[in-house]
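Listed here are the chains, written in short residue letters.
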Amino acid sequence: MAYWLMKTEPEAFSLEDLQARGQEPWDGIRNYQARNFIRSMELGDGIFIYHSRIAVPGIVGVAAVASTARPDPTQFDPQSHYYDPDSSLLHPRWDLVDVAFRRSFSQSISLERLRHMPEFAESPLVRKGNRLSILPITESQWQHVLQLADNAEHA
């Protein structure tokens, strides 16, 4: 099992939106490194959902990979914001996976808090200027964040 962090801007699509839908295709990824991460995801992998571009960005809950990677149909739709005229049905550039809601945290684990955790010292997430929307997470990081979230809920 692998672990991931997926960033989303909550005004576009939030953890609450995912909870309401239960499961959703994670489309619109247009970065090759993030696309390669999608291609390496396996059914059941754990995902932290991270709300970005808000006053206090942070990890807000948990989801799981609910499908294997497949071509993202938005790349073929000229009406889509994610349309890619250089992508073709025979040679698609961009993939997506389905993401299923698992739980929300009673309080966010903020980026500022993550910056002070030894487990995240080397993570690209805490570096200034990091804009990658999908990042791998170590098992140690995964367990530590879950423990923090559980402690907050039982406090």
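Note that the structure is predicted; figures quoted are calculated from it, not measured.

### A word on the sheet that holds strand E2 (residues 23-25)
At step 1: Pairing is mixed in the open sheet, where 6 strands are placed in the order E2-E7-E4-E3-E1-E8. Looking at which strands have only one partner, the edges of the open sheet turn out to be E2 and strand E8 (134-137). Strand-to-strand, the axes of this sheet are offset by a mean angle of 35 degrees, without reference to chain direction.
At step 2: Relative to strand E3 (residues 46-51), strand E1 (residues 3-8) is paired through 6 bridges, and the arrangement is parallel. Along E3, the bridge assignment pairs Leu5 with Phe48.
At step 3: On the sheet, helix H2 (residues 32-40) packs against E1 and E8 and is oriented at approximately 50 degrees with respect to E8.

### Details of the packing of aromatic side chains
At step 1: By the definition in use, this model includes 6 aromatic pairs.
At step 2: With 5.6 Å between their ring centres and 50 degrees between their planes, Trp4 and Phe37 make a pair best called tilted. Residue Trp4 is found in strand E1, and its partner Phe37 is found in helix H2; the two are separated by 33 residues along the sequence. With respect to class, Trp4 is no different from Phe37; both count as buried.
At step 3: An aromatic cluster is defined as three or more aromatic residues linked by ring pairs; in this entry it consists of Tyr3, Phe48, Phe105 and Trp142.

### Some remarks on the pattern of salt bridges
At step 1: This model, assessed by the stated rule, comprises 8 salt bridges.
At step 2: One salt bridge connects Arg39 with Asp95, and the closest N-O pair in it is separated by 2.7 Å. Here the residue Arg39 occupies a position in helix H2, and Asp95 occupies one in strand E6 (residues 95-96), the gap between them amounting to 56 residues.
At step 3: Arg39 gets classed as partly exposed once you look at its relative accessible area, which sits at 38%.
At step 4: Note on Asp95: relative accessible area 9%, which makes it buried.
At step 5: A salt bridge links Asp150 to Arg103; the nearest nitrogen and oxygen atoms lie 2.9 Å apart. With a gap of 47 residues between them, Asp150 in helix H4 (residues 139-153) and Arg103 in strand E7 (residues 98-110) connect regions that are remote in the sequence.
At step 6: Taking relative accessible area as the criterion, Asp150 reaches 29% and is therefore assigned partly exposed.

### Observations regarding the pairing of E1
At step 1: Extensive coverage of E1 is indicated by the burial of 6 of its 6 residues.
At step 2: A two-sided burial pattern is seen for E1, the buried positions comprising Tyr3, Leu5 and Lys7 on one face and Trp4, Met6 and Thr8 on the other.
At step 3: Relative to E8, E1 is paired through 4 bridges, and the arrangement is antiparallel. Across the sheet, Tyr3 pairs through a bridge with Ile137, a residue of E8.

### Describing the nonpolar core
At step 1: Of all hydrophobic cores here, the largest spans 42 residues; its most connected members are Phe48, Ile59, Phe105, Leu114 and Ile134.
At step 2: If near-sequence neighbours (up to four positions away) are discounted, Phe105 is found in contact with Phe48, Ile59, Val60, Gly61, Val62, Val145, Leu146, Ala149 and Glu153.

### A word on unusual backbone geometry
At step 1: At Arg53, a position not held by glycine, the phi torsion is positive, near 55 degrees.
At step 2: Take Arg53: it is sitting in the loop between E3 and strand E4 (58-65).

### Re the environment of Leu89
At step 1: Relative to the helices and strands, Leu89 is located in the loop between strand E5 (70-71) and E6.
At step 2: Spatially, the C-alpha atoms of Leu89 and Glu42 are 23 Å apart, while their sequence positions differ by 47 residues.

About the criteria used
- Residues numbered from 1 in each chain as written.
- Predicted model: local features only at pLDDT ≥ 70, side-chain atom pairs only at ≥ 80, totals over all residues.
- Heavy atoms only, no water.
- Pairing = 2+ DSSP bridges.
- Helix = DSSP H or I, 4+ residues; strand = E, 2+ residues; numbered from the N terminus.
- Axes fitted to C-alpha atoms, helices over the stretch in contact; angles between N-to-C directions.
- Contact = heavy atoms within 4.5 Å.
- Phe/Tyr/Trp six-rings, centres within 6.5 Å; stacked < 30°, edge-to-face > 60°.
- Buried < 20%, exposed > 50% of the residue type's maximum accessible area, 1.4 Å probe, protein only.
- Salt bridge = Lys/Arg side-chain N within 4 Å of Asp/Glu carboxyl O.
- Core = buried A, V, L, I, M, F, W, Y, C linked by side-chain atoms within 4.5 Å.

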